[in-house]
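# Secondary and tertiary structure notes
Read off the chains here:
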Amino acid sequence: MVGAWEIMGDFNFVLSQKDKVGGKVTYAEIKEFKECMEQCGLQELKSSGCFYTWNNKHEEQDRVLSKIDKVITNNDWVNKFPAYEVHYMTAKVYDHIPTMIKWEGISSPKMRRFKYYSMWSMDNSFMTRVEGSWRQPIHGTNMFRVVGKKQT
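### Some points on the sheet that holds strand β8 (residues 85-88)
- The 3 strands are arranged β4-β8-β9 in an open sheet whose pairing can be described as mixed. The open sheet has two edge strands, β4 (47-49) and β9 (99-102), and neither has a second partner. In this sheet, adjacent strand axes meet at a mean angle of 25 degrees when their direction is disregarded.

Following this line, the structure appears as structure tokens:
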């Protein structure tokens, strides 16, 4: 027996025609992935939230939506953790949507607050280090650039 396990990822394959809107799906495209899932005894973890996990960010008539991000499990996992599920959140900026696994009986980690200690500013190099860090170019969305600011 292999044991209970799960895989989460961007598989870039759909498993059926209903997993894609705005493009044709042929059996030849899904055949190998579907056969692999069946032969390995895999299934998608039950889910909530958005059905389609990827979109091409095009305008209405050219938009393609598909369910290519999946959390797959084996039967041992489902039997061991029957109440676990994946929640696909709402798409915002990116072409893939954020995914969160709801773990049964395990509390979610607490967010640690940033703490500033006045004694830091007593160090003669403090302002130089802060200014140097904020001047470093970081590419990406505004939020990514703010989060990416760190001590150099």
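### What about the packing of aromatic side chains?
- By the definition in use, this model includes 9 aromatic pairs.
- Measuring from ring centre to ring centre gives 4.9 Å for Phe-51 and Tyr-52, while their planes differ by 90 degrees; the resulting arrangement is edge-to-face.
- Owing to a relative accessible area of 33%, Phe-51 belongs among the partly exposed residues under this scheme.
- Aromatic side chains Tyr-117 and Trp-120 sit 5.4 Å apart centroid to centroid with 75 degrees between the ring planes, which places their arrangement in the edge-to-face category.
- Note on Tyr-117: relative accessible area 42%, which makes it partly exposed.
- Pairwise contacts between aromatic rings join Tyr-116, Tyr-117, Trp-120 and Phe-126 into one cluster.

### What about the sheet that holds strand β2 (residues 20-21)?
- Taken in spatial order, the 3 strands make up an open sheet running β2-β6-β5, and their pairing is antiparallel. Both edges of this open sheet fall to β2 and β5 (54-55), since each of them pairs with a single strand only.
- Where β5 meets strand β6 (residues 65-66), 2 bridges bridge the pair, whose relative direction is antiparallel. Within β6, the residue paired with Trp-54 across the bridge is Ser-66.

Reading the values: the criteria
Residues numbered from 1 in each chain as written. Predicted model: local features only at pLDDT ≥ 70, side-chain atom pairs only at ≥ 80, totals over all residues. Heavy atoms only, no water. Pairing = 2+ DSSP bridges. Helix = DSSP H or I, 4+ residues; strand = E, 2+ residues; numbered from the N terminus. Axes fitted to C-alpha atoms, helices over the stretch in contact; angles between N-to-C directions. Phe/Tyr/Trp six-rings, centres within 6.5 Å; stacked < 30°, edge-to-face > 60°. Buried < 20%, exposed > 50% of the residue type's maximum accessible area, 1.4 Å probe, protein only.

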